[in-house]
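Observations on the three-dimensional arrangement
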Amino acid sequence: MHKNALPLAFASLLVACGGATPRPAVPGSGDTVSMEEMRIVAGRDDDGSLVFDSYDAGQLFERGTELLNAGRCREAVSTYYDRLVREFPSSRYVGAALYNSGLCLHEGGELEASIPYYQGVLERAAAGRDAKHAGLQLAQVLVNLERWEEALPHVDRVLLREDLEAPERLEGLARRAQALLGLERIEDAERQARDALSYYRMQQRTGQIPEPYFAAASNYVLAEAVRLRSEQIELPAADAQTQHQALDQRARLVLDAQREYFNTIRHTDAHWAAAAGYRIGSMYDRLYHALMEAPIPPPTREIAEETMPVYEEEYRSELSRHVRPLLRHAIRYWELTLLMVERTGVQTEWAERTQGELERMRALLLDATDPEPEGEAEEAEEGASGPSAALPALPELPTEMRRESGVGAEVALAAARRAPSSGPRVGALALAR
C-alpha cells in the first residue's frame, strides 16, 4: 500500500517509502506566482458595529493546515479547505488543499470520503506536483476498498507517468498485482507479481528502494496466486489412484506457495510476514479438510451393501490418522506467527485471526487423537472378509509434509522478528480468501 510517508506537493518533504509521519502539502517559495485574490466580507459584531474580514486563499490554507496539524482533520476540511476550493477555484493552493483533505480523511480511516478529494487533485491540478501522489494514494484506497474494477485502470494510468521514482513505480506494480488478484485473474496476478519482484531486485542493487514493503506485498500476491491455483485442484470422485494423482499436483503447489510465503517473510516487513505466516497455517488447514471431505474411493473388492457405512467410517478414521501431520503443521506455523507478532509489536488484523484459528485447530487435533472407543478394535480384527480388508491405499503426503514442521518457518520468522515496527497498515485482509 502507499506508505504514510509521501513527498507532498510543492515541497520535497519526504521520500515515498520513508517511515516518517505524513505532512500536509505546502506551496513552495521557489514558485513564481501572481498575487492571490483577496476577499473582503462585511458583517456586524455583537454591538451592531460594522466590521470587515479580509482573507485570501493562502490565509485559509494556513488556518486549515494549523487545524490539520492539531489533529482536527474534519474541521480543517469543512471549515477551511473546502471553502478555499469553493471560493478561490483558480488559486495555486487548490491542489494542495484537495490533497491535504484527502490525506487526512484517508489517514483517519474515512476511505470513501477521501476519494473525491484525490480525484479532485487529478482533475483540477493534474499538472501540479500533487497529482502523482494523489494518484498513488487513490490506488491504495481503491485496493483497500476492494474496488478492483476501478483500481486496475487507475493504476495503469499512474504507471504511465514518466516522473515516478523507483519506490513509486514499485508501489504501482505491487498495486497492479493486487488488483489483478482481486479480479481473480490469477495467472496475470502471478506474472505481474514476478515482474514487480524482478524490478525490485534490479533497483535494490542501486540502493534506490531502501524499504522492502512493496516487495513483500508483491511476494505475498505471488504466494497467494500459487495457493489459489492449488485450491482449484479438487480430489475427484474416482478410484484411489486417480485421487492420489490429484493430491500430488495440489501438494506440489502447496509447497511452492509455502516457499513464496517464506520469501515474503524474509523481506522482514512485519505486516506482510504476519499475513504470510497466517496463510501457511491456513493452507495446511484447507488441505486437511479437502482430504477429509473428498469423495471416498470405492473399496478394492466387492463388499456387502450393508457394510458400506462401516467401510466409509473406517476409511475416514484411517485417513484422519494418516494426514494428522497437516494439523500439526498448521498449529506450528500459527504459533510462530503469533510469536513474531509479539516480538515486533505490530498491530495487525492477522494476529487476532491467527489466535482464533489456532484455538480451533488445537481442538481439532485433540479430537483427531482421541483413543478408539471400546469395541472398535475388535471389529477391526474381524479378518480378511471385513470392510477393513477392502480399504484402498491411503494418499501419500510429500516428505516435507510428513516430517515435523517449522524448520523453514523458524528461519524465515527469525528474520521477520528483526523487522522494525512500521505502524498499522490496512489492505492485506482484502486479499485473504
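Basis of the calculations
Residues numbered from 1 in each chain as written. Predicted model: local features only at pLDDT ≥ 70, side-chain atom pairs only at ≥ 80, totals over all residues. Heavy atoms only, no water. Helix = DSSP H or I, 4+ residues; strand = E, 2+ residues; numbered from the N terminus. Buried < 20%, exposed > 50% of the residue type's maximum accessible area, 1.4 Å probe, protein only. Areas by Shrake-Rupley, 256 points an atom, 1.4 Å probe, with all protein chains shown as cover. Salt bridge = Lys/Arg side-chain N within 4 Å of Asp/Glu carboxyl O. Disulfide = S-S within 2.5 Å. pLDDT = per-residue confidence, 0-100. Contact = heavy atoms within 4.5 Å. Axes fitted to C-alpha atoms, helices over the stretch in contact; angles between N-to-C directions. Parallel < 35°, antiparallel > 145°, perpendicular 65-115°, else oblique. Left-handed = near helix turned anticlockwise from the far one by under 90°. Nonpolar A, V, L, I, M, F, W, Y, C, P; charged D, E, K, R; others polar. Expected span 1.5 Å × (residues − 1). Polar contact = N/O pair within 3.5 Å; in protein donor to acceptor, adjacent residues only side chain to side chain.

A short note on the overall build of the protein
Of the regular secondary structure elements, the protein holds 17 helices and 2 strands. By the burial criterion, 52% of the 433 residues in the protein qualify as buried. When the accessible surface of the protein is split by element, carbon and sulfur atoms take 48% of a total near 20200 Å².

A few points about the pattern of salt bridges
Scanning all chains against the criterion turns up 21 salt bridges. With a closest N to O distance of 2.9 Å, Arg 161 and Asp 163 form a salt bridge. For Arg 161, a relative accessible area of 24% corresponds to the partly exposed category. When the shortest N-O distance is used, the salt bridge between Arg 362 and Glu 335 registers 2.9 Å. Placement of the pair is Arg 362 in helix 14 (residues 349-368) and Glu 335 in helix 13 (residues 324-344), with a sequence separation of 27 residues. Classification of Arg 362 by relative accessible area gives partly exposed; the value is 39%. Where salt bridges share partners, they join Glu 224, Arg 227, Glu 231, Arg 279 and Arg 286 into one cluster.

Let's talk about the state of the cysteines
The full count for this structure, using the stated rule, is 1 disulfide. Paired by a disulfide, Cys 73 and Cys 104 hold their sulfur atoms 2.2 Å apart. The chirality of the disulfide connecting Cys 73 with Cys 104 is right-handed, given an S-S dihedral of about 65 degrees. Of the two residues, Cys 73 is situated in helix 2 (residues 73-87) and Cys 104 in helix 3 (residues 94-107); the sequence distance between them amounts to 31 residues.

Digging into the confidence of the model for the protein
Reading fine detail from the predicted coordinates is not recommended where pLDDT is low. Summing up the model confidence of the protein, the mean pLDDT is 81 and the portion of residues at 70 or higher is 76%. A low-confidence stretch, residues 373-383 stays under pLDDT 50, and its non-local contacts, those more than four residues away or across chains, total 5 contacts.

Here's the deal with the side chain of Ser 101
Inspection of the secondary structure puts Ser 101 in helix 3. Setting aside residues up to four positions removed in sequence, Ser 101 forms contacts with Val 77, Tyr 81 and Tyr 117.

Quick word on the packing of helix 5 (residues 130-144) against helix 6 (residues 148-159)
Helix 6 packs onto helix 5 with a crossing angle of 160 degrees between their chain directions and a minimal axis gap of 9 Å. The orientation of helix 5 with respect to helix 6, classified from their angle, is roughly antiparallel. When you trace helix 5 past helix 6, the crossing you get is left-handed. Along the contact surface, helix 5 presents Gly 135, Leu 136, Leu 138, Ala 139, Leu 142 and Val 143, while helix 6 presents Trp 148, Glu 150, Ala 151, His 154, Val 155 and Val 158. Classifying every residue of the contact of helix 5 with helix 6 gives 9 nonpolar, 2 polar and 1 charged.

Some words on helix 7 (residues 166-182)
For helix 7, which comprises 17 residues, the first-to-last C-alpha distance of 24 Å matches the rise-based estimate of 24 Å (1.5 Å per residue) to within 8%. Of all 17 residues that make up helix 7, 16 are buried, and the element is covered over most of its length. The first or second residue beyond helix 7 is Glu 184, which carries a positive phi of 65 degrees.

Section: the packing of helix 7 against helix 8 (residues 186-204)
Two elements in contact, helix 7 and helix 8, have axes whose closest approach is 8 Å; the angle formed by their N-to-C orientations is 165 degrees. Taken together, the axes of helix 7 and helix 8 are roughly antiparallel relative to one another. Taken as a pair, helix 7 and helix 8 cross one another with a handedness that is left-handed. Here Ala 166, Arg 169, Leu 170, Leu 173, Ala 174, Arg 176, Ala 177, Leu 180 and Leu 181 of helix 7 lie close against helix 8, whose contacting residues are Asp 188, Ala 189, Gln 192, Ala 193, Ala 196, Tyr 199, Tyr 200 and Gln 203.

Observations regarding helix 8
With 19 residues, helix 8 should cover 27 Å at 1.5 Å per step; its first-to-last C-alpha distance of 27 Å lies within 8% of that length. Buried residues belonging to helix 8 abut helix 7 and helix 9 (213-231).

Let's talk about the environment of Glu 260
Looking at where Glu 260 falls in the secondary structure, it is placed in helix 10 (residues 240-266). Look at Glu 260 and you get buried, because its relative accessible area is 16%. Considered as a pair, Glu 260 and Asn 219 are 41 residues apart in the sequence and their alpha carbons are 6.6 Å apart. If sequence neighbours within four positions are ignored, Glu 260 has contacts with Asn 219, Leu 222 and Ala 223. Here Asn 219 takes part through its side chain, which lies 2.9 Å from a polar atom of the side chain of Glu 260.

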